[in-house]
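# Structural overview for review
Below are the chains, spelled out letter by letter.
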Amino acid sequence: MKNTAKVLCLLLALCFLFVACDSAPVSQTGGNAATGTQAGTGTATAESTEEGNFQPVKDLSFGGEDFTILVPVSTAGSWAQFHDFSATELTEEPVNDANFERLNQIKNLYDVNIVNVVTPSNSVATDVKNAQNSGDNPYDLVHIELTTVAALAQQGYFVDLNTVNSIDLTNPWYTQNAVKQLSIANRLYYILGDFSTVDNDGIAAVSFNKEMIEEEQLTSPYEYIDNNEWTIDNFYALCKGFSKDLNGDGKLDIVNDRYGYSAAKTSMPGQLTSAGVQIVTKDDKDYPILSLNSTRNASAVEKVLEMYADDTTMCLVENMSGMPNGISRWQYGNNMFMEGRLMFRQTTVSRIIECRQSEIEFGIVPYPKLDSEQENYAHSFSAATPVVCIPATAEDFEANGAVIEALSYYGRTTVRPAYYDRVLQGLVARDEESGEYLDLIFDTADYDLGMVLMSADMFAIYPKMIDNKSNTFASDYSAKEATWNTVLEEYVTSFESNLA
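All values reported here derive from a predicted model rather than from experimental measurement. (Residues numbered from 1 in each chain as written. Predicted model: local features only at pLDDT ≥ 70, side-chain atom pairs only at ≥ 80, totals over all residues. Heavy atoms only, no water.)

## Thoughts on the overall build of the protein chain
- A count of helices and strands for the protein chain gives 18 helices and 15 strands.
- The proportion of buried residues among the 500 residues of the protein chain is 54%.
- By element, 47% of the accessible surface of the protein chain is carried by carbon and sulfur atoms, the whole surface being about 20,800 Å². (Helix = DSSP H or I, 4+ residues; strand = E, 2+ residues; numbered from the N terminus. Buried < 20%, exposed > 50% of the residue type's maximum accessible area, 1.4 Å probe, protein only. Areas by Shrake-Rupley, 256 points an atom, 1.4 Å probe, with all protein chains shown as cover.)

Below you can see the structure in the form of structure tokens.
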């Protein structure tokens, strides 16, 4: 962060102090989301939208200097490609051009050049540590994967965003479920939202073959959703019995035959999330509580396991064999769907986008609920889902926060329409219902802290149950309960010791 921005934001801070003398007291954390107060006192005229209120910081200027964001680069072939800040020219590709426009909007607003510095995704944590330990300040913001960030946050490498007055976390360009679920004692060190579109790419969803539903004269998922009957039982009933030995050789295989549903064994935790299973909840002081062991959760595990262990219905990605060389199991699953040999496909939005070349009529629906009594749908995040953080080494938290707010606001108003309307609705979602359900899917993304901190255990326990076709939930939980409680206790203790 450069001195020009620093001086101006010190003036902004003074404005906050003067106004505070004549207003109600705020919490010690200073967080706007925590107190419900409006951010941006002393800022320029707000730009209002139907959903939020953007307040640029008055007189903030970086003098044409660079603002550096550390960005991970995923392995070749991965769906998670981080191009949010790398648009250097117009290419007639809608999302690239929208990102290019966003960078120009922020340059005009704050006279700043957003610079994209890339590093392998498995090196981001090391780069952040090296920067702080060396006393250097090479990065103004860090874009980092959600499953990597927690360990760094608890070690004190990032700033509590609730203390940054130039960020209003109540605005809709921040994912509100993440604001609530990822905080600790009303402190929040990383956040996601319209700052990036990569989190949308990784959200779990279900695509289905509309033609097959009609040919078999089955109830449409849309009808079930409209009647609040889109449940695991009804979903499984649609899938069950649909698999067919098309070539008549007396066995099912992925090259010649068709299946009711395709998913990965490691998708079972996400399917449970959608059934309302929460590993961790919060107490009234915003501290995490292990909540996995309940009668309702046990019932959900029983129902989901029955479906995943049914190899006459399920085409499990990990069990695929016989596909042509050079094609991944995930890609082959997409091929099966586009060839009309899957009724339902558990996938991510990024894979659904790839189906735009298909000629089949397909729809997009949320994951099913456990039952009609479940209040909300829920959709799991990907391990590559990125968040944004302000490094503790940053010279001026308020100036950095102003850039986050602007990137997120213009992400909402400029990039999101290009990503959502043109790429998804225009090319993929071929009916009105799918467009509506994409809204629902994105709005019900779930960021269970248990999946952030203990995903490795979840990805080991449930696939083992599928392989053994045995429900060992009770004994698995009993064996892990003490360890998981220790993980939560150490997570909280680390934050408290770093803030002492």
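Text resumes after the structure shown.
## Points about the sheet that holds strand β4 (residues 113-120)
- Reading across the sheet, the four strands line up as β4-β3-β5-β14 and stay open at both edges, with mixed pairing between neighbours. Edge strands, defined here as strands with exactly one partner in the open sheet, are β4 and β14 (386-389). The mean angle between the axes of side-by-side strands here comes to 20 degrees, regardless of whether they run parallel or antiparallel.
- Examined bridge by bridge, strand β5 (residues 141-145) and β14 share four bridges and lie antiparallel to one another. Bridge assignment links histidine 143 to a residue of β14, and that residue is valine 388.
- Running at roughly 120 degrees to β5, helix α5 (residues 146-154) makes contact with β5 and β14 of the sheet. (Pairing = 2+ DSSP bridges. Axes fitted to C-alpha atoms, helices over the stretch in contact; angles between N-to-C directions. Contact = heavy atoms within 4.5 Å.)

## Here's the deal with the pattern of salt bridges
- On inspection of all chains with the given rule, the structure shows nine salt bridges.
- One salt bridge in this structure joins glutamate 216 and arginine 258, with 3.7 Å as the shortest N-O distance. Of the two residues, glutamate 216 is situated in the loop between α8 (210-215) and α9 (221-226) and arginine 258 in the loop between α10 (232-239) and β7 (259-263); the sequence distance between them amounts to 42 residues.
- Overall, the relative accessible area of 16% leaves arginine 258 in the buried class.
- The shortest N-O distance in the salt bridge between glutamate 339 and arginine 341 comes to 3.1 Å.
- The class of glutamate 339 is partly exposed, set by a relative accessible area of 49%.
- Taking relative accessible area as the criterion, arginine 341 reaches 8% and is therefore assigned buried. (Salt bridge = Lys/Arg side-chain N within 4 Å of Asp/Glu carboxyl O.)

## Re the nonpolar core
- Residues Phe158, Tyr190, Tyr308, Phe344 and Tyr462 are the most contacted members of the largest nonpolar core, which totals 147 residues.
- In terms of residue count, helix α15 (residues 397-427) provides more of this core than any other element does, ten residues in total.
- Once you skip the residues sitting within four places of it in the chain, phenylalanine 158 turns out to touch Val128, Val142, Val149, Leu152, Ala153, Tyr189, Cys389, Ile390, Pro391 and Ala392. (Core = buried A, V, L, I, M, F, W, Y, C linked by side-chain atoms within 4.5 Å.)

## Quick look at the pairing of β5
- For β5, the buried fraction is high: five of the five residues fall into the buried class.
- Side chains of β5 alternate between two faces, with Leu141, His143 and Glu145 and Val142 and Ile144 buried alike.
- With two bridges joining them, strand β3 (residues 66-73) and β5 adopt parallel strand pairing. Each residue of the ladder has a partner; that of leucine 70, found in β5, is valine 142.

## Observations concerning the packing of aromatic side chains
- With the rule as written, the count across this model stands at 20 aromatic pairs.
- Here phenylalanine 54 and tyrosine 410 contribute two aromatic rings whose centre-to-centre distance is 5.7 Å and whose plane-to-plane angle is 70 degrees, an arrangement assigned as edge-to-face. Residue phenylalanine 54 is found in strand β2 (residues 53-54), and its partner tyrosine 410 is found in helix α15; the two are separated by 356 residues along the sequence. By the burial criterion, phenylalanine 54 is buried, and tyrosine 410 matches it.
- Measuring from ring centre to ring centre gives 4.8 Å for phenylalanine 235 and tyrosine 261, while their planes differ by 85 degrees; the resulting arrangement is edge-to-face. With phenylalanine 235 in helix α10 and tyrosine 261 in strand β7, this residue pair connects regions lying 26 residues apart in the sequence.
- Taken together, the ring pairs connect Phe208, Tyr222, Tyr224, Trp230, Phe235, Tyr261, Tyr308, Phe344 and Tyr437 into an aromatic cluster.
- Geometry around phenylalanine 242 places arginine 258 over its ring, the cationic atom sitting 3.9 Å from the centre. (Phe/Tyr/Trp six-rings, centres within 6.5 Å; stacked < 30°, edge-to-face > 60°. Lys NZ or Arg CZ within 6 Å of the ring centre and 35° of its normal.)

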